[in-house]
Amino acid sequence: MRTKQLADLVEIAKCSSMSVAAKNTHTSRQALTNSIQSLEQELGCQIIESSKRGVRLTEEGEKVLIAAQEILCRLEILKADLADVEDANTRVRGKITLCLSPMLNISILPYAFTEFRSHYPNVSIFTSEKYREEIIGQVAHDKDTCGILLVSKLIDEFFAEIPENVELIELKTYPIYIAMSPRHPLASQKSISINTLTQYPIVVFEVGGAVGVHALSKLSEDIDVCLSTSNPRICENVLNRDHAVMYSFPPYTKYNVFDDFRHIPVSDKRATFTTYIAINKEMSKDMRQLVSLFVNTFAQYL
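Residues numbered from 1 in each chain as written. Predicted model: local features only at pLDDT ≥ 70, side-chain atom pairs only at ≥ 80, totals over all residues. Heavy atoms only, no water.

1. Here's the deal with the overall build of the chain
Alright, step 1. Secondary structure assignment for the chain yields 13 helices and 12 strands.
Alright, step 2. Relative to its length of 302 residues, the chain is compact, with a C-alpha radius of gyration of 21 Å against a globular reference of 19 Å.
Alright, step 3. The 302 residues of the chain split such that 46% are buried.
Alright, step 4. Intrachain contacts of the chain at a sequence separation of at least 6 include 77% that bridge at least 24 residues.
Alright, step 5. With the model as given, the accessible surface of the chain reaches about 15000 Å², and the carbon-plus-sulfur share is 48%.
Alright, step 6. Between the centroid of the 32 positive side chains of the chain and the centroid of its 37 negative side chains there is a distance of 5 Å. (Helix = DSSP H or I, 4+ residues; strand = E, 2+ residues; numbered from the N terminus. Rg over C-alpha atoms; globule rule 2.2 N^0.38 Å. Buried < 20%, exposed > 50% of the residue type's maximum accessible area, 1.4 Å probe, protein only. Contact = heavy atoms within 4.5 Å. Areas by Shrake-Rupley, 256 points an atom, 1.4 Å probe, with all protein chains shown as cover. Lys, Arg positive; Asp, Glu negative; His and termini not counted. Charge placed at Lys NZ, Arg CZ, Asp CG, Glu CD.)

Structure, rendered in structure tokens:
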């Protein structure tokens, strides 16, 4: 087993495409395929498989990916220690406390965290998954906490109630997608209208808790929210057993989250999610620098 094979696997998982991964690693697609096939033979299991959207990891492949990321990260740390390298990155030390929206936590964070730790091994990160109002409340209360949240600009009342000591920094806006079982009556659609959505119960995996307002309720009062949860397994079970649909967004398809489902955009262009960074205005200069380093890494995966 060679470290290049592990690095190839990490890049393929990041891109979900052999062609893009080959370009990024400055090698041919055939050489990349040979590298992964050799790794599969050595481990005795299939790591990747083809899908309609490119390639994706098998269940065994997901386990190998986690191990590969850890091995590569530890190897970089070991190299620095053995060479007694005191470059700018290894001198950076500290602790970052993050609160994240569920949809960001399940899709983007694992990739951003792994890359960040490979560059800044002496920075510890502590995360918690919270709803949007809870994130803002935590940031307002604790000046050393950073929030990363996903919220629709349609929800005016949320933005109107942001405390004066909290700064919101906009990162990226996505169209809202709708996820559903491949057996769902809408699964063959290229886009879905708000009116069509009113005919099916919707599962909300991103909302402000029990009293929260969800994005599409601003476009129709007739949308039936049958379930609000931050548990992805419950979402999968409901969508597989019912005609319900669920909120989704492009990073789900990019990072193979809920990859057994169809993900279709809402046709109404007002239906969007936006990623924000929430920071307490009294956050110390040193903590802001740490947070900025992580946000720069996180933003690369948006």
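2. Some details on the sheet that holds strand β4 (residues 123–129)
Alright, step 1. If you walk across this open sheet you meet the five strands as β4-β3-β5-β12-β6, and the pairing is mixed. Among the strands making up the open sheet, the edge pair consists of β4 and β6 (166–175). Each neighbouring strand pair of the sheet contributes to a mean axis angle of 20°, computed without reference to strand direction.
Alright, step 2. Pairing analysis gives six bridges linking strand β5 (residues 145–151) to strand β12 (residues 272–280), with the strands arranged antiparallel. Residue Gly147 lies in a different strand from β12, and its bridge partner there is Ala278.
Alright, step 3. On top of the sheet, helix α7 (residues 109–119) reaches β3 (94–100) and β4; it is set at about 170° to β4, its chief contact.
Alright, step 4. Packed onto the sheet, helix α13 (residues 285–299) meets β3, β4, β5, β6 and β12 and runs at close to 55° relative to β3. (Pairing = 2+ DSSP bridges. Axes fitted to C-alpha atoms, helices over the stretch in contact; angles between N-to-C directions.)

3. Let's talk about the packing of helix α1 (residues 3–15) against helix α3 (residues 29–43)
Alright, step 1. For the pair α1 and α3, interaxial distance at closest approach is 9 Å and the crossing angle is 110°. Taken together, α1 and α3 sit at an angle that is classed as roughly perpendicular. Here α1 and α3 pass one another in a crossing that is left-handed. Residues Gln5, Leu6, Asp8, Leu9 and Ile12 of α1 form the contact with α3, whose own contacting residues are Leu32, Ser35, Ile36, Ser38, Leu39 and Glu42.
Alright, step 2. A breakdown of the residues in the contact of α1 with α3 according to their chemical character gives six nonpolar, three polar and two charged. (Parallel < 35°, antiparallel > 145°, perpendicular 65-115°, else oblique. Left-handed = near helix turned anticlockwise from the far one by under 90°. Nonpolar A, V, L, I, M, F, W, Y, C, P; charged D, E, K, R; others polar.)

4. Structural notes on the pattern of salt bridges
Alright, step 1. Taken as a whole and judged by the stated rule, the model has 10 salt bridges.
Alright, step 2. One salt bridge in this structure joins Lys4 and Asp8, with 3.1 Å as the shortest N-O distance. Residue Lys4 and its partner Asp8 are both found in helix α1; the two are separated by four residues, about one turn of the helix.
Alright, step 3. Using a relative accessible area of 42% as the deciding quantity, one classes Lys4 as partly exposed.
Alright, step 4. The buried category is assigned to Asp8, whose relative accessible area is 3%.
Alright, step 5. For Arg233, the salt bridge goes to Glu236, with nearest N and O atoms at 2.8 Å. (Salt bridge = Lys/Arg side-chain N within 4 Å of Asp/Glu carboxyl O.)

5. Describing unusual backbone geometry
Alright, step 1. In this model, Ser16 sits at a positive phi of 55°, which is unusual for a non-glycine residue.
Alright, step 2. Along the chain, the position of Ser16 falls in the loop between α1 and α2 (18–24).
Alright, step 3. The exposure class assigned to Ser16 is buried, which follows from its relative accessible area of 9%.
Alright, step 4. The phi angle at Phe258 is positive, at roughly 50°, despite the residue not being glycine.
Alright, step 5. You can call Phe258 buried: its relative accessible area is 5%.

6. A few points about the layout of surface pockets
Alright, step 1. Computed from the structure, the largest pocket encloses a volume of approximately 810 Å³.
Alright, step 2. Taken together, 24 residues make up the lining of the largest pocket; nearest its centre are Glu62, Leu65, Ile66, Pro110 and Tyr111.
Alright, step 3. Put simply, the parts of the chain that give the lining of the largest pocket at least two residues each are α4 (59–82), α6 (102–107), α7 and α11 (232–241).
Alright, step 4. Partitioned by chemical class, the residues of the lining of the largest pocket number 12 nonpolar, four polar and eight charged. (1 Å grid on protein atoms, 1.4 Å probe; cavity = no way out; pocket = protein on both sides within 12 Å on 5 of 7 lines; lining within 4 Å. Points joined across faces, edges and corners; volume = space filled by probe spheres on them.)

7. Thoughts on the packing of aromatic side chains
Alright, step 1. The final tally for this structure, using the stated rule, is 14 aromatic pairs.
Alright, step 2. Through a chain of ring-to-ring contacts, three or more aromatic side chains come together here, namely Tyr174, Phe205, Phe249, Tyr252, Phe258 and Phe261.
Alright, step 3. The side chain of Lys95 reaches across the aromatic face of Phe126, ending 5.5 Å from its centre. (Phe/Tyr/Trp six-rings, centres within 6.5 Å; stacked < 30°, edge-to-face > 60°. Lys NZ or Arg CZ within 6 Å of the ring centre and 35° of its normal.)

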